[in-house]
Amino acid sequence: MRYVLFILLLIIPPTALEAQGSITLKDSLISLKTSIHHYKNTGDYGKAVLGLEKGIKLANSTNNIEAIIDFYNLYARLNIQFTRPVNPEIYLNEAREVLRMYKYPNGEAISSAIEAYLQASAGNEFQALQQVRKALGVADHNNTDVTSVMELYIGMTYHKLKQYDKAKRVLQRMIPPINTYEEKYLLAMYQLVLATIYFEEANYESAQILLDNVLRISARYGFPRILLDTNRLKYEIAQHEQDYRKALLYYKKADSIELKYFNATTLQQQNEVASASESEFLNNVIARMSQDEIRQQQKVNISKLTSVLSSALLIIISLLTISLYRNNQIKFKTNDLLVKKNRELQVAKEEAEKAMRAKGEFLSTVSHELRTPLYAVTGLTHLLLEENPKESQKEHLKSLKFSGEYLLDFINDILQINKIDANKLLAEKLVFDLPKVLNDVANSLRQTANENKNTIVLNLDDQIPSKLVGDSLKLSQILINLVGNALKFTENGKVIMQTELLELDHQTCKVHFEVNDEGIGISEEMQQNIFESFSQGSIQINRKYGGTGLGLTIVKSLLSLFNSEIHLKSEVGQGSSFYFDLIFDIPDPSTLEEEKTEELEEASLNGLHLLVVEDNKINQVITKKMLGKKGISCHVADNGYEAIRLAKENTYDLILMDIHMPGISGLKTTEEIRKFNSTIPIIALTALSLDDSTDDFFASGCNNIITKPFKPDLFYQTIGNSILKAKTEHI
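All of the points below concern the structure found in this document. This structure is a prediction, so every number in the text was calculated from the model and none was measured.

## Observations concerning helix 28 (residues 712-729)
For helix 28, built from 18 residues, the straight-helix expectation of 26 Å at 1.5 Å per residue is met to within 8% by its first-to-last C-alpha distance of 26 Å. Pro712, Phe715, Tyr716, Thr718, Ile719, Gly720, Asn721, Ser722, Ile723 and Ala726 are the residues of helix 28 that are buried.

So this is what it looks like as structure tokens:
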């Protein structure tokens, strides 16, 4: 079935073959090889097979024996890479038969290297090493196209034989590889095999460095099989290092790649292409045999020729029948496997949904419970810092204060993500002043900017109406996260927050928001993952700059409430630019009330007399001392019944009401007080997040809310503003 080419070699002299190799033919073969390598490495098995079939036909039609051997070797590599049901040995056998009649050292070197890898995979060490020596002995080591491929399979052979030192020497000396057709793919493969060896040697740090390079290359050039294997190996490393959060992240990435590129439909299509290719290959063999037999008729007896041809055809037909039967059996098994896999995926999906619900409930409960002890930590730290501690103690107290505030921010971020995931947040539509919102964001971050010697610059488009209808609170959250991130990664620079009017009519206004910085920038590889939860670019960035990695996830999720998306432009060392567009409604001028020019500022607190309703003894002490620092006296009620009695018997400037108390809740207590005193300001103190029960708080009669643990400045300012507002309303 493979002798037609050999007869041609005997009949046609080499000079005739060379004469047919025109420039146009060479260009066609080079173009074909380029496209086949591209499809092979980017995961398109079907197009790669079509290219190979076309290439072999073209090479056969022009008797280009070297090209035929190259395409057979490529066929073998394709089926090794995709682990198709077609045995790579089929094509290597064809290449070997041609090599017996034609001397082509470079083709023989690659065939031997591939054969070495297959023997090593089958556990045949002696035969594998024999093929390695053969490949190294015949190869032209000045031809980088040959050596780069040959050395990869030799390195993979040593890896399979667990001869790690030899494998590393081979792979390391070939980095970077030089290859006309697949330089980037080979570079990624060299580093992936090296990383696998380091992993098996428990050298996880070296493996991680190589895998980061592999991810960057394979993501940029689109090598799905390498991306899948790399994320799986990163998952294994994270498992061994007991970093289960990262392990879950890489498991999800690998699963996503597998679903996208190697799903059941794709695998079935590839199996069908493989079966069709094998059948066509065998048909071509039959056709070549028929031509061979016709030529032999001129030299042998007609009866002998007929007998030989009949026998050969019967053998081929038998082989073809067996092959087709085997392929059908494989198809049936594959279909059964796919059905089973689909059932498993459905069960896994249901389990994942249960896990997500359990996670949400767990995060919500734990985050809420942490707020009460955090109140003690942050409150006591603030009090100690104001009591003139020793210089040696100040740094410890500042560190404790920073840690408490960091933990509080982390808890708030987790709760925010949990609400977004649970679809508990809705975009409100209220009239707000856009310039005031932007100035408030800038002012709230001035201190943060000063810490890194940064400047916040506001560039506002004067054509944008100042009054708009939308959710100013969520807009503030988005901008605070973006500007806060920019300030964190910038030193001695500017952070510019700007707006631009895109569209305006009588009813709506489309505004472009942009936050630019002069910071460290973000690499192309990291830009693909920067909006995922807990993603901060790298471990080094996390250690240097800190943070939870949730800010940009919150930004992305909040913008989805407005049917908008966050976009990013950045280069390493050149800063970053985050931008998005929002559409606001234009308010009816007749409905706008005249705005009060006087802003509520922190009132003078000295001499005020308050009622503190709190059942926790530690919180009582902290709150009382914090009030005392501002010259505020207070009575303390342990429960709601005592609070009602004290409110009837005494006159207070304000009541601080804890919500969760035994016996009677803070909300019920507030309702009872409002029955005989409707004017006294009442501020709710709660460990719940603000969005959880806002309507209930205000419905019961609370004037304002402070979420525990709170920052002292906000605590004092809220008290002062509440009293000032109450006095203003009753003048």
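## Digging into the pattern of salt bridges
What the rule picks out here adds up to 22 salt bridges. Residue Lys40 is joined to Glu182 by a salt bridge in which the shortest nitrogen-to-oxygen separation is 3.2 Å. Of the two residues, Lys40 sits in helix 3 (residues 23-41) while Glu182 sits in the loop between helix 10 (164-173) and helix 11 (183-200), which places them 142 residues apart along the sequence. Accessibility classification places Lys40 together with Glu182 in one group, the buried group. One salt bridge in this structure joins Asp638 and Lys617, with 3.3 Å as the shortest N-O distance. Remark: Lys617 occurs in helix 24 (residues 617-629) and Asp638 occurs in the loop between strand 9 (633-637) and helix 25 (640-649); sequence separation between them is 21 residues. Residues participating in the shared-partner salt-bridge network are Lys668, Glu671, Glu672 and Lys675.

## A closer look at the environment of Phe710
By the secondary structure assignment, Phe710 is in the loop between strand 12 (704-707) and helix 28. Along the primary structure Phe710 and Thr378 are separated by 332 residues, whereas in three dimensions their C-alpha atoms are 7.9 Å apart.

## Let's talk about a nonpolar patch on the surface
Taken together, the side chains of Ile315, Leu319 and Ile322 present a nonpolar region at the surface, about 300 Å² in accessible area. Within the fold, Ile322 resides in helix 16 (residues 302-385). When its relative accessible area of 56% is taken as the criterion, Ile322 is described as exposed.

## Notes on the pairing of strand 4 (residues 494-504)
Examined bridge by bridge, strand 2 (residues 455-459) and strand 4 share five bridges and lie parallel to one another. In the strand pairing of strand 4, Val457 is matched with Ile496. Pairing between strand 4 and strand 5 (residues 508-517): nine bridges, direction antiparallel. Pairing of Ile496 across the sheet is with Asn516, part of strand 5. Hairpin connection of strand 4 to strand 5: three residues between the antiparallel strands.

## Comments concerning the nonpolar core
Counting 77 residues, the largest nonpolar core has Phe71, Ile114, Tyr153, Met189 and Ile226 as the members making the most contacts within it. Of the residues forming this core, the biggest block, 13 residues, is contributed by helix 11. Sequence-distant contacts of Tyr153, that is, excluding residues within four places in its chain, are made with Arg77, Ile80, Ala113, Ile114 and Tyr117. Leu434, Ile478, Val483 and Phe513 belong to the second-largest nonpolar core, a separate cluster that totals 38 residues.

## Looking at the layout of surface pockets
Reported here for the second largest pocket is a volume of approximately 600 Å³. Contributing to the lining of the second largest pocket are 20 residues, with Tyr117, Met156, Met189, Leu192 and Asp229 lying nearest its centre. Taken together, the elements giving at least two residues each to the lining of the second largest pocket come down to helix 5 (65-82), helix 9 (144-160), helix 11 and helix 13 (224-240). Within the lining of the second largest pocket, the residues separate by chemical class into 11 nonpolar, four polar and five charged.

## Thoughts on the pairing of strand 5
Strand 5 sits mainly inside the fold: eight of its 10 residues count as buried. Pairing geometry for strand 5 and strand 7 (residues 576-585), over nine bridges, is antiparallel. Looking at the pairing, Val511 lines up with Leu582 of strand 7.

## Examining the side chain of Arg77
Relative to the helices and strands, Arg77 resides in helix 5. Of note is the side chain of Arg77, whose polar atom sits 2.8 Å from the side chain of Glu182. Not counting chain neighbours up to four residues away, the residues in contact with Arg77 comprise His37, Lys40, Ile114, Val149, Tyr153, Glu182 and Leu186.

## Concerning helix 25
Those residues of helix 25 that fall on the buried side of the exposure criterion are Gly640, Ala643, Ile644, Leu646 and Ala647. Against the buried residues of helix 25 lie strand 8 (609-613), strand 9 and helix 26 (666-674).

## Looking at the side chain of His512
In this structure, His512 sits in strand 5. Among the polar contacts made by the side chain of His512, one reaches the side chain of Glu514 at a distance of 3.0 Å. In terms of polar contacts, His512 uses its side chain to reach the side chain of Asp581, at 2.7 Å. Contacts of His512, omitting those with residues within four sequence positions, involve Gln498, Thr499, Glu500, Leu502, Tyr579, Phe580 and Asp581.

## Observations regarding the packing of aromatic side chains
Under the definition given, this model contains 10 aromatic pairs. Here the aromatic rings of Tyr75 and Tyr91 are separated by 4.2 Å at their centres, their planes lie at 5 degrees, and the arrangement is stacked. One end of the pair, Tyr75, is in helix 5; the other, Tyr91, is in helix 6 (residues 88-101), with 16 residues separating them in the sequence. Pairing Tyr221 with Phe223 gives two aromatic rings, centres 6.3 Å apart and planes at 20 degrees, and the pair type is stacked. A relative accessible area of 35% places Tyr221 in the partly exposed class. Chaining the aromatic ring pairs together yields one cluster made of Phe432, Phe513, Phe580 and Phe584.

Procedures and definitions
Residues numbered from 1 in each chain as written. Predicted model: local features only at pLDDT ≥ 70, side-chain atom pairs only at ≥ 80, totals over all residues. Heavy atoms only, no water. Helix = DSSP H or I, 4+ residues; strand = E, 2+ residues; numbered from the N terminus. Expected span 1.5 Å × (residues − 1). Buried < 20%, exposed > 50% of the residue type's maximum accessible area, 1.4 Å probe, protein only. Salt bridge = Lys/Arg side-chain N within 4 Å of Asp/Glu carboxyl O. Patch = residues over 30% accessible without salt bridge, like charges linked within 9 Å, V, L, I, M, F, W, Y side chains within 5 Å. Areas by Shrake-Rupley, 256 points an atom, 1.4 Å probe, with all protein chains shown as cover. Pairing = 2+ DSSP bridges. Core = buried A, V, L, I, M, F, W, Y, C linked by side-chain atoms within 4.5 Å. Contact = heavy atoms within 4.5 Å. 1 Å grid on protein atoms, 1.4 Å probe; cavity = no way out; pocket = protein on both sides within 12 Å on 5 of 7 lines; lining within 4 Å. Points joined across faces, edges and corners; volume = space filled by probe spheres on them. Nonpolar A, V, L, I, M, F, W, Y, C, P; charged D, E, K, R; others polar. Polar contact = N/O pair within 3.5 Å; in protein donor to acceptor, adjacent residues only side chain to side chain. Phe/Tyr/Trp six-rings, centres within 6.5 Å; stacked < 30°, edge-to-face > 60°.

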